[in-house]
Amino acid sequence: MTDKIERSIEELYRDDPLRADAVAFGRETGPSRRGFLGGTGLAAMSAAVGGTIPFAANMPGGLIPAAMAQTSPAASPPPIPATAPKGPQYLKYPGKNDKLVVIGERPLVAETPENLLDDDTTPIEKFFVRNNGQIPEEAKDPDKWKITLDGEVNNKIEITLGELKAKYKAQTRRMVLECGGNGRSFFSPPASGNQWTNGGAGCAEWTGVRLADVFKSAGIKPSGIYTSHYSSDLHLSGNANTPTLSRGVRMAKAMDPDSMIVWAMNGQPLPNIHGGPVRLIYPGWPGSASQKWLTRITIRDKEHDGPGMTGTSYRLTINPMVPGGKADPKNFKILESMPVRSIITSPANGAKLAAGTREVKLRGAAWAGDFTVRRVDVSTDYGVTWQPAKLEKTKNRYDWQRWNVAVKLPSDGYYEVWARATDSRGQMQPHVAPNWNPSGYGGNTMHRVAVLIG
Ligand SMILES: Nc1nc2c(c(=O)[nH]1)N[C@H]1C(S)=C(S)[C@@H](COP(=O)(O)O)O[C@H]1N2
Ligand SMILES: [Mo]
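Undergrad: Even after reading the chapter, I still don't get the sheet that holds strand β3 (residues 129-130), so can you show me in this structure?
TA: Across a sheet, paired strands are connected by hydrogen bonds in the backbone, their directions being either parallel or antiparallel. The sheet built from three strands is open, its strands ordered β1-β2-β3 with antiparallel pairing. Sheet topology places β1 (101-104) and β3 at the edges, where each strand pairs with a single neighbour. Alignment of β1 against strand β2 (residues 109-111), held across three bridges, turns out to be antiparallel. Across the sheet, the residue bridging to valine 102 is alanine 110, located in β2.

Set out below in structure tokens:
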């Protein structure tokens, strides 16, 4: 029985990459290398990606060419309903760049395409947006905004933002904020939740005070071991008694001199959409800990159990589980430091360069949760050879690591540039999303972009 091929090879790669391979190459390719196959397959693949493939002999079987993987990077993405509009939906929101990609409308979630993250400091207009509930009205008088610190403390604090600014020493740090689910779309089978590619991250200059300074003046009791965060954004249901999100961290993280209560972003008053007038920032940990529209921190004598702390939310497996299988709640631990990740910010995926171009300058960024980036390597031949990138200076701890490198290409044609970072512990990004878990955390697959020359 032969299916009539009505879908384009691009659509087929999106919907069923193994079948697409079989169609393109005339048989199931399995994990073999595509280049060892007959010339017709190679011709079909070349036609599909728009050029000859100089390193075709190294191209792994079953790999969706980067040229086609742009919008649905998952190896087997959920079927796209026939009624769904084609292609990415772009965000239309005051003050936001119209190239941000909406990955959820209710609540509003939008990510930044990697090539828009090419600035050393991510401009506010390009910064990703992640809400779990409704976006509150903008505060009329930010300096009158009240914050409470209570629970396991000797002196409960009730302070306005104005007083907080006056009383404590301010600091500015350029630091990465990254959603815990960044990279989720690379899991196979698909994991549930917002299908982030790599754009649930940005690096901004945050101005505020150290949480540790405020905690010191409250006097944390020895019994106070965990924070719990509260805010004013309404749950999607509109029920004021149901918190939208309430996460917390271990005391050691709260006392880190880079954990902050912030009111400015890139020198501007913190925009409402980013939690203004005041939010938390815990760099290196899942963005969900960085409570927006902060109203209260309650210190607890045990691990916090608010919405976002339990089940498989923001948790990784302890022992590997069967991908797609049933989760055993006892086999999960809280995700703290985010895994190492790098992105290629220039050129953009699908870039077309003039015929005869033999050198391409690559730029990117890398970061590694609580750790630092030891190295970034790039490959243009499907990972057979790698070349180290030059790492730029960082401003401060938790700043992202900008990198650049020039790569030589032997001829015109279709290339994929791959980049992988290694952290200070020696952990490196994998080829496929590791340690499958139902809610898709820790998906730090190497980033790759398609480049067509000529
Ligand atoms: N009050 C509140 N804080 C919140 C959220 C939220 O829904 N409500 N989302 C969290 C999540 S999951 C992330 S990744 C970051 C996103 O911050 P941003 O929208 O400024 O990029 O905010 C966190 N803080
Ligand atoms: Mo998040």
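There is more to say after this.
Undergrad: I tried to follow unusual backbone geometry on my own but got confused; where do I start?
TA: Most peptide bonds take the trans configuration, and most residues that are not glycine carry a negative phi. In this structure, proline 189 follows serine 188 across a cis peptide bond, with omega equal to -5 degrees. By secondary structure assignment, the location of proline 189 is in the loop between β6 (170-178) and β7 (201-210). Cis geometry marks the peptide bond from serine 346 to proline 347; its omega dihedral reads 0 degrees. Positionally, proline 347 belongs in the loop between β15 (341-346) and β16 (351-353). The phi angle at asparagine 266 is positive, at roughly 50 degrees, despite the residue not being glycine. Residue placement: asparagine 266 occurs in the loop between β9 (260-265) and β10 (268-269).

Undergrad: Help me out: how do you make sense of the site of ligand 1 in this one?
TA: Taken together, 20 residues form the shell around ligand 1, and within it Asn132, Asp233, His274, Arg279 and Lys292 come nearest. Contact distances for ligand 1 include 2.7 Å between an oxygen atom and a backbone N or O atom of asparagine 132. In the environment of ligand 1, an oxygen atom lies 2.6 Å from a nitrogen or oxygen atom belonging to the side chain of lysine 292. Protein burial of ligand 1: of its 530 Å² of free accessible surface, 100% is covered by the chains.

Undergrad: Help me out: how do you make sense of the packing of aromatic side chains in this one?
TA: Two aromatic rings are characterised by how far apart their centres lie and by the angle between their planes. For the coordinates displayed, the defined rule picks out seven aromatic pairs. Summarising the aromatic geometry, the rings of phenylalanine 127 and tryptophan 206 are spaced 5.8 Å apart at their centres and angled 85 degrees between planes, so their arrangement reads as edge-to-face. In this pair, phenylalanine 127 sits in the loop between β2 and β3 while tryptophan 206 sits in strand β7, placing the two residues 79 residues apart along the sequence. Taken together, the ring pairs connect Phe127, Phe128, Trp196 and Trp206 into an aromatic cluster. Above the plane of the ring of tyrosine 441 lies arginine 184, whose end atom (NZ or CZ) is 5.1 Å from the centre. If you follow arginine 420 out to its NZ or CZ, it ends over the ring of tryptophan 386, 3.9 Å from the centre.

Undergrad: Got a minute to help me understand the nonpolar core in this structure?
TA: When a protein is soluble and globular, its nonpolar side chains tend to lie buried together. Core analysis: the largest hydrophobic core is formed by 29 residues, its most contacted members being Leu149, Leu164 and Ile261. Counting residues per element, the ones that place at least two in this core are β4 (146-151), β5 (157-160), α4 (161-167), α5 (211-218), α6 (251-254), β9 and β12 (294-300). The element that contributes the greatest number of residues to this core is α5, accounting for four residues.

Undergrad: I tried to follow the pattern of salt bridges on my own but got confused; where do I start?
TA: For the structure shown, the criterion picks out 26 salt bridges. Across the pair aspartate 118 and arginine 363 runs a salt bridge whose closest N-O atoms are separated by 2.6 Å. With aspartate 118 in the loop between β2 and β3 and arginine 363 in strand β17 (residues 359-367), this residue pair connects regions lying 245 residues apart in the sequence. Residue classification places arginine 363 among the partly exposed positions, given a relative accessible area of 37%. Taking the shortest distance from any N to any O, the salt bridge between aspartate 120 and arginine 402 comes out at 3.9 Å. One end of the pair, aspartate 120, is in the loop between β2 and β3; the other, arginine 402, is in strand β21 (residues 401-408), with 282 residues separating them in the sequence. With relative accessibility at 44%, the residue aspartate 120 sits in the partly exposed group. Several salt bridges converge on common partners, so that one network encompasses Asp118, Asp120, Arg363 and Arg402.

Undergrad: I keep staring at the side chain of arginine 402 and nothing clicks. Help me out?
TA: When its relative accessible area of 8% is taken as the criterion, arginine 402 is described as buried. Polar contacts involving the side chain of arginine 402 include one to the main-chain carbonyl oxygen of leucine 117, which spans 3.0 Å. One polar contact links the side chain of arginine 402 to the main-chain carbonyl oxygen of glycine 364, over a distance of 3.4 Å.

Definitions and limits used
- Residues numbered from 1 in each chain as written.
- Chains lettered and ligands numbered in written order.
- Predicted model: local features only at pLDDT ≥ 70, side-chain atom pairs only at ≥ 80, totals over all residues.
- Heavy atoms only, no water.
- Pairing = 2+ DSSP bridges.
- Helix = DSSP H or I, 4+ residues; strand = E, 2+ residues; numbered from the N terminus.
- Near = heavy atom within 4 Å.
- Polar contact = N/O pair within 3.5 Å; in protein donor to acceptor, adjacent residues only side chain to side chain.
- Areas by Shrake-Rupley, 256 points an atom, 1.4 Å probe, with all protein chains shown as cover.
- Phe/Tyr/Trp six-rings, centres within 6.5 Å; stacked < 30°, edge-to-face > 60°.
- Lys NZ or Arg CZ within 6 Å of the ring centre and 35° of its normal.
- Core = buried A, V, L, I, M, F, W, Y, C linked by side-chain atoms within 4.5 Å.
- Buried < 20%, exposed > 50% of the residue type's maximum accessible area, 1.4 Å probe, protein only.
- Salt bridge = Lys/Arg side-chain N within 4 Å of Asp/Glu carboxyl O.

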